[in-house]
Amino acid sequence: MSNLTYTRSDFQSDQEVRWCPGCGDYTILATVQGFMTQMGVPRENIVVVSGIGCAARFPYYMNTYGFHTIHGRAPTIATGLATSRPDLSVWVVTGDGDALSIGGNHLIHALRRNVNIKILLFNNQIYGLTKGQYSPTSEVGKRTKSTPFGSIDFPFNPVSLAIGSEASFVARTLDMDRNHTQYVLGEAVNHTGSAFVEIYQNCNVFNDKAFIALTGRAERTVNRINLEEGKPVVFGGSGESCVVMEDGEARIKPTSSVSPDRILVHDPRRENPSVAFSISRLAHTPHGPTPLGIFRNISRPTYGREMQQQIVDAQNRGPADLDALFSSAGTWEVT
Amino acid sequence: MTSPAAHAETGVSEPSTNGNITPLRQVTVRFAGDSGDGMQLAGNRFADTSAAFGNDLFTLPSFPAEIRAPAGTLPGVSSFQIQIADWDISTSGDRPDCMVAMNPAALRTNIADLRQGGTLIVNSEAFDERGLAKAGYEDSPLMDGSLNQYDLIEIPMNTITKEAVADKVSGRSVLRSRNFVALGFLAWLFQRPLEPILAWTENKFAKAPMVVAANVAALRAGYNFGITTETSRSIFQVKPASLPPGAYTSITGNTALAWGLIAASYCAKLPLYYGSYPITPASDILHELARHKRLGVRTFQAEDEIAAVGAAIGAAFGGNLAVTGSSGPGIALKSEAISLAFTAELPLVVVNVQRAGPSTGMPTKPEQTDLLFSLFGRHGESPLPVLACATPSDVVETTIEAARIALKYMTPVILLSDNHIANGSEPWRIPDTADLPDISVPFASAPNGAGGRFLPYLRDFNTFSRPWAIPGTKGLEHRIGGLEKENISGDISYNPDNHQLMTDSRAWKVANIANDIPALEVHGELDANLLVLGWGSSKGTMGAACRNLNREGYKVAYAHLRYLNPLPANLGDVLQSYKKVLIPELNTGQLRYVIRANFLKDAFGLNKVTGTPFYIGEIRDRILEVLES
């Protein structure tokens, strides 16, 4: 596989990309295509599966195998594919409505089972394709066409949900930050099992600047909490803020107010998900200091491999054939 | 009215007494008791020993949906009916000739079915004040003369069991072997060999030798009770049947469906992937398939019905023989995904083991009420091939045929079974695997378009099927999906003419399968005025009723549909050649609706939805009524 030499155009299909001009999806598409040139997997072994929504058009623009399915169900189809074909690199591209609303059940179960699929959740906190209703990640009070008096739905925190669903790999990144996205994708691919990657994605038509706290030149400096394995969690222009564990929860403190040994050292490999979950609670919606990076990255058997192993084990115990099956419940001869 | 024929296909044949042995051509026996009484076990063992003896047989269990309804109550009654015969029968019999009632509740819920003069065996010790009260009897029916029309045999089963197992088990386990006492007595009454029952018991309870000992002792005690106490009684003899030669095994419809899928995967040279979510009465297919990992079977118990079909669709995209199975309510949940598989044009077998509906309905009772749902229960224009199994012994072949059509035509296929077939059993002649059909289809391996382009919707000239290119194949990278596809290229298309063309192409592809299936065969009196037309599990009863009437000189023809869509190409001609058509179905007239809509041919109906299969007598009466109309 090392002799694979791809350029980005090898991953571009001949289809015209039809997202709105200025959509964050363009950046993510370019990043993923660029990333896959370096991934070391033959193009024909990559499958991108999607559900419904703006993000779900993604497979049509990728010159890999692709399947644009139905609303919310991409994880199920990817599960069938990945568990029956462990040789493939299976990706799910989904959105906040697709993954967290209509498809919520499938997302949590795919993560729980640790099916070897890479789930990219483009979170723009709005319904785009249906033209602007609030989504399960929209903030309370959001005024949209379907909530003219403001949304009364309490939103999901997708990272918290994934950690609570026993996900073995959970990360968050930003459409605008290509390097960070590439880094997260690399770790996701190196991880054996399901990888959940939330990508904050700007919808410039229906929810513009939803992530301004993390993308604005001035704001991002104070709000981006970069999680790096083995490093103390400090942030702000000169590291003036830090995260500590206190009374069982992660809290933001002025760095000057705590002794250095109290600052949380980030460890995504911790088996117990409690600290990762606490970190995800630092920001319920990305309107202030918000953690980005890899929250959780643990090793656990994958569903597909275990399924395969049971077959191998059974077959190692002896041969089987159809004749034996048909006779297995006892037979009698009629002459 | 002609007199009943000597060889009528019901249990109602008049025995001729020959000393102490009464020879019968067929007999129907029902075991009824509390759902904790082990009636299914007793019935199945009676079936096994009868099969080993060489009888043809057909069984039908009936049990409550509750795992353990309160003991001794009417809703808690479970039963198992079996017909055994010395010839090739096709039903589990109408009215039992012989019935076992383990308690008053079982008697009360079943006695109306026992034929006049039939043999009734009761556990007399269950008819105490408490038992009678639970069943709503004020006086004991054993005392009040209400059972005088039957040949009543009272057996103190509690005492016999206690004495037999005294030194083997203790406490509450003692009475658990009561069903073996009843079974032993029936084995005596019908001269069944005990060896198959003993062998099964030793194998089943191998880890609990005392349970084996207790059950064996109880079995023998029941048998000996017959020998010692009922010496003056005539015993029954049903000789072995003359079936086509070969190796036979006893098979239920659900087991047969699982085996049929494994056989189909062998015939298709593809791994089998079964996505399912537990639901009565389809779960046993999942259970059976999950055992056969050695044959490479992948089973996936999904989080819900939608995920089950979704996983199967993913497996189909990946090049597996993909199957999802459920019952009506579950199929309803899968509907959207089935339409996706239809328009993406992926092979998929969708198994629907029908049960009484709508909604939760009566999950353990049979019905044929999902025919129209199978034909039409999807959004958009999405016609699917629909096949229906007829009897447990027909299921393997029908399942392989469903897979053949799915693979050859790149389409989901609906395969119908029902509760009657699923849990009923009959002998199945094991085929020579070398005689099984080759249903394999090649995967696309090279570009089929100009300039090395792969065109996923370039159709085969003959089948109108599209190429199946699976991930991992270099150079054939392509995208499919639920959006309308441009003809040939598969690119997204909103072109009006293209949508018309693709809709027509998909419909034509399915309709054209009519040229690839056998013509409908008509049996009986071909020059009759009346054609009886059926589908699914009513085949046996319908055929038996018609054959009986033919023997009595009535001119009746009959035919049974395995293919519900597309219908056999000659069906229109067949229908037009009969003045009258009668369609018996366990629904309110669904096939009749289809026949009228497709052929403008009116038909009489025989319809019921009582949660029970047809009786031969019901169909017979309706045929006579229609003949006279």
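S.K.: Before we move on, could you go through the overall build of chain A and cite the residues and values that matter?
M.R.: From N to C terminus, chain A includes 11 helices and 12 strands. Radius of gyration (C-alpha) of chain A: 22 Å, near the 20 Å computed for a compact globule of 335 residues. Oriented by its inertia axes, the alpha-carbon framework of chain A measures out at about 90 × 50 × 50 Å. Considering chain A as a whole, with its 335 residues, one finds that 59% of them fall into the buried category. If you take every contact in chain A between residues at least 6 apart in sequence, the share linking residues at least 24 apart comes to 67%. Accessible area of chain A: about 13700 Å², with a carbon and sulfur share of 51%.

S.K.: I'd love a proper account of the overall build of chain B, names of residues and values included.
M.R.: Looking only at helices and strands, chain B has 19 helices and 23 strands in total. Over its C-alpha trace chain B gives a radius of gyration of 27 Å, about what one expects of a compact globule, namely 25 Å for 629 residues. On the principal axes, the C-alpha backbone points of chain B span a range of 90 × 60 × 45 Å. Across the 629 residues in chain B, those meeting the buried criterion constitute 63%. Of the contacts made within chain B by residues no fewer than 6 positions apart, 75% connect residues no fewer than 24 positions apart. With an accessible surface of roughly 23200 Å², chain B has 52% of that area assigned to carbon and sulfur atoms. Side-chain charges of chain B comprise 53 positive and 62 negative groups, with the mean position of each set lying 4 Å from the other.

S.K.: Now, about the packing of helix H4 (residues 157-165) of chain B against helix H5 (residues 178-189) of chain B: what can you tell me, with residues and values included?
M.R.: Residues and elements named next belong to chain B. For the pair H4 and H5, interaxial distance at closest approach is 9 Å and the crossing angle is 105 degrees. If you check the angle between H4 and H5, you find them roughly perpendicular. On the side of H4, the interface is formed by Met157, Asn158, Ile160 and Thr161, while H5 contributes Arg178, Val181 and Ala182. For the contact of H4 with H5, the per-class residue count stands at four nonpolar, two polar and one charged.

S.K.: Explain the sheet that holds strand S19 (residues 530-535) of chain B to me, and be specific about the residues and the numbers.
M.R.: All names here are of chain B. Read across the sheet, five strands follow the order S18-S20-S19-S22-S23 without closing on themselves; strand pairing throughout is mixed. Lying at the two open borders of the sheet, with one neighbouring strand each, are strand S18 (522-524) and strand S23 (604-607). Recorded for the sheet is a direction-independent mean angle of 25 degrees between the axes of neighbouring strands. Summarising the sheet, S19 and strand S20 (residues 556-561) pair through six bridges and their orientation is parallel. Within S20, the position partnered with Leu530 by the bridge is Val556. The strands touched by helix H18 (residues 590-599) are S19, S20, strand S22 (580-585) and S23; relative to S22, the strand with the most contacts, the crossing angle is about 145 degrees.

S.K.: For the pairing of strand S9 (residues 241-246) of chain A, give the residues involved together with the corresponding values.
M.R.: All names here are of chain A. Counting buried positions over the six residues of S9 gives five, a clear majority of the element. Counting the residues in the hairpin turn of strand S8 (residues 234-235) and S9 gives five residues, including Gly236, whose phi is positive at 100 degrees. Where S9 lies against strand S10 (residues 249-254), six bridges are found, and the strand directions are antiparallel. Across the sheet, the residue bridging to Cys242 is Lys253, located in S10.

S.K.: Summarise the interface of chain A and chain B; cite the residues concerned and give the values.
M.R.: Taken residue by residue, the interface counts 60 residues in chain A and 66 residues in chain B. Counting the surface chain A buries against chain B, the share from its top three residues, Tyr65(A), Phe326(A) and Trp332(A), is 17%. At the boundary of chain A with chain B, the tally comes to three salt bridges. Between Asp14(A) and Arg453(B) there is a salt bridge, with the nearest N and O atoms lying 3.5 Å from each other.

S.K.: Tell me about the nonpolar core, and please be specific about residues and values.
M.R.: Residues and elements named next belong to chain B. Counting residues in each nonpolar core, the largest one holds 153 residues, and the members touching the most others are Leu533 and Leu591. The dominant element in this core, judged by the number of residues it contributes, is helix H8 (residues 253-268), at 10 residues. When sequence neighbours within four positions are dropped, the list of residues in contact with Leu591 reads Leu371, Leu533, Gly534, Trp535, Leu561, Leu564, Ile583 and Glu585. Core analysis: the second largest hydrophobic core is formed by 55 residues, Met39, Cys98, Phe180 and Leu183 among them.

S.K.: Run through unusual backbone geometry, naming residues and quoting values.
M.R.: In this structure, Pro358(B) follows Gly357(B) across a cis peptide bond, with omega equal to 0 degrees. Summarising the element assignment, Pro358(B) is placed in the loop between strand S13 (348-354) and helix H12 (371-376). Residue Pro566(B) is bonded to the preceding Asn565(B) through a cis peptide linkage, with omega at -15 degrees. Note that Pro566(B) resides in the loop between strand S21 (563-565) and helix H17 (571-576). The backbone phi angle of Gln125(A) is positive, close to 60 degrees, even though this residue is not glycine. For Gln125(A), the position within the fold is in the loop between strand S4 (117-123) and helix H5 (158-164). A relative accessible area of 2% places Gln125(A) in the buried class.

S.K.: Give a description of the confidence of the model for chain B that names residues and reports values.
M.R.: Residues and elements named next belong to chain B. Across chain B, the average pLDDT comes to 93, with 97% of residues at or above 70. Long-range and interchain partners of residues 11-19, a stretch whose pLDDT sits below 50, account for 16 contacts in this model, where long-range means more than four residues apart. Both confidence scores are given for the complex: pTM 0.93, ipTM 0.98.

S.K.: Please give an account of the side chain of Thr503(B) that cites residues and values.
M.R.: Among the secondary structure elements, Thr503(B) is positioned in helix H15 (residues 496-511). Excluding its chain neighbours within four sequence positions, the residues that come into contact with Thr503(B) are Glu381(B) and Glu484(B).

S.K.: Which residues make up the sheet that holds S8(A), and what values go with them?
M.R.: Within the open sheet, the three strands sit side by side as S8-S9-S10 (chain A). Their pairing is antiparallel. If you trace the sheet from one side to the other, it starts and ends with S8 and S10 of chain A, each paired once.

S.K.: Which residues make up helix H9 (residues 283-290) of chain B, and what are the values?
M.R.: Residues of H9(B) that are buried: Ser283(B), Ile285(B), Leu286(B), Glu288(B) and Leu289(B). Among the structural elements, H8, strand S10 (272-276), strand S11 (298-301) and S13 of chain B are those in contact with the buried residues of H9(B).

S.K.: So what's going on with the packing of aromatic side chains? Which residues, and what values?
M.R.: Where two aromatic rings form a pair, the distance of their centres and the angle of their planes describe that pair. On inspection of all chains with the given rule, the structure shows 21 aromatic pairs over all chains. A ring pair is formed by Tyr200(A) and Phe211(A), whose centres lie 4.6 Å apart and whose planes are at 20 degrees; its orientation type is stacked. With Tyr200(A) in strand S6 (residues 195-200) and Phe211(A) in the loop between S6 and helix H7 (212-215), the pair connects residues that are 11 residues apart, well separated along the chain. Here Tyr200(A) matches Phe211(A) in class, with each residue buried. The interplanar angle of 90 degrees and the centroid separation of 5.0 Å between the aromatic rings of Phe326(A) and Trp428(B) together place this pair among those described as edge-to-face. Placement of Phe326(A) in helix H11 (residues 322-327) and of Trp428(B) in strand S16 (residues 425-429) is noted, with the two residues assigned to different chains.

S.K.: Let's hear about the side chain of Glu44(A): which residues, and what values?
M.R.: The topology assignment puts Glu44(A) in the loop between helix H1 (24-37) and strand S1 (46-50). Buried within the structure, Glu44(A) lacks any salt-bridge partner; its nearest side chain of opposite charge belongs to Lys474(B), at an N-O separation of 4.9 Å. Glu44(A) has contacts with Tyr6(A), Tyr65(A), Pro471(B), Gly472(B), Thr473(B), Lys474(B) and Glu477(B), leaving out every residue within four places of it along the chain.

S.K.: Could you give an account of helix H19 (residues 616-628) of chain B, naming the residues involved and the relevant values?
M.R.: Residue and element names in this part refer to chain B. With 13 residues, H19 extends 18 Å from end C-alpha to end C-alpha; this agrees with the ideal 18 Å at 1.5 Å per step. When we look at burial in H19, the residues that qualify are Ile616, Ile619, Arg620, Arg622, Ile623, Leu624 and Val626. On the buried face of H19, the contacting elements are S19, helix H16 (539-551), S20, S22 and S23.

S.K.: Let's hear about a negative patch on the surface: which residues, and what values?
M.R.: Negative charge collects at one region of the surface, where Asp321(A), Asp323(A), Asp432(B) and Asp435(B) lie side by side. Since its relative accessible area comes to 43%, Asp432(B) is described here as partly exposed.

S.K.: Account for the packing of H4(B) against helix H7 (residues 209-229) of chain B, naming residues and giving values.
M.R.: Residues and elements named next belong to chain B. Two numbers describe how H4 lies on H7: the axes approach to 8 Å, and their chain directions differ by 130 degrees. With respect to their mutual orientation, H4 and H7 come out oblique. Every pair of crossing elements has a handedness; the one defined by H4 and H7 is right-handed. Facing H4, whose interface residues are Ile160, Ala164 and Val165, H7 presents Ala214, Ala217, Ala218, Ala221 and Phe225. When grouped by side-chain class, the residues that make up the contact of H4 with H7 number eight nonpolar, no polar and no charged.

S.K.: Requested: an account of the pairing of S22(B), with residues and values cited.
M.R.: Residue and element names in this part refer to chain B. Taken across its six residues, S22 has six buried, putting it largely inside the fold. The alternating pattern of S22 places Lys580, Leu582 and Pro584 and Val581, Ile583 and Glu585 on opposite faces, both of which are buried. Relative to S22, S19 is paired through three bridges, and the arrangement is parallel. Following the sheet pairing, Leu531 is matched in S22 by Val581. Strand direction decides the pairing type here: S22 and S23, joined by four bridges, are parallel. In the sheet register, Pro584 faces S23, and the bridge partner there is Leu606. Assessed by its sense of winding, the connection that carries the chain from S22 through H18 to S23 is right-handed.

Cut-off values and rules
- Residues numbered from 1 in each chain as written.
- Chains lettered and ligands numbered in written order.
- Predicted model: local features only at pLDDT ≥ 70, side-chain atom pairs only at ≥ 80, totals over all residues.
- Heavy atoms only, no water.
- Helix = DSSP H or I, 4+ residues; strand = E, 2+ residues; numbered from the N terminus.
- Rg over C-alpha atoms; globule rule 2.2 N^0.38 Å.
- Buried < 20%, exposed > 50% of the residue type's maximum accessible area, 1.4 Å probe, protein only.
- Contact = heavy atoms within 4.5 Å.
- Areas by Shrake-Rupley, 256 points an atom, 1.4 Å probe, with all protein chains shown as cover.
- Lys, Arg positive; Asp, Glu negative; His and termini not counted.
- Charge placed at Lys NZ, Arg CZ, Asp CG, Glu CD.
- Axes fitted to C-alpha atoms, helices over the stretch in contact; angles between N-to-C directions.
- Parallel < 35°, antiparallel > 145°, perpendicular 65-115°, else oblique.
- Nonpolar A, V, L, I, M, F, W, Y, C, P; charged D, E, K, R; others polar.
- Pairing = 2+ DSSP bridges.
- Buried area = accessible area lost by both parts, 1.4 Å probe.
- Salt bridge = Lys/Arg side-chain N within 4 Å of Asp/Glu carboxyl O.
- Core = buried A, V, L, I, M, F, W, Y, C linked by side-chain atoms within 4.5 Å.
- pLDDT = per-residue confidence, 0-100.
- Phe/Tyr/Trp six-rings, centres within 6.5 Å; stacked < 30°, edge-to-face > 60°.
- Expected span 1.5 Å × (residues − 1).
- Patch = residues over 30% accessible without salt bridge, like charges linked within 9 Å, V, L, I, M, F, W, Y side chains within 5 Å.
- Left-handed = near helix turned anticlockwise from the far one by under 90°.
- Right-handed = clockwise from strand over helix to strand, strands pointing away.

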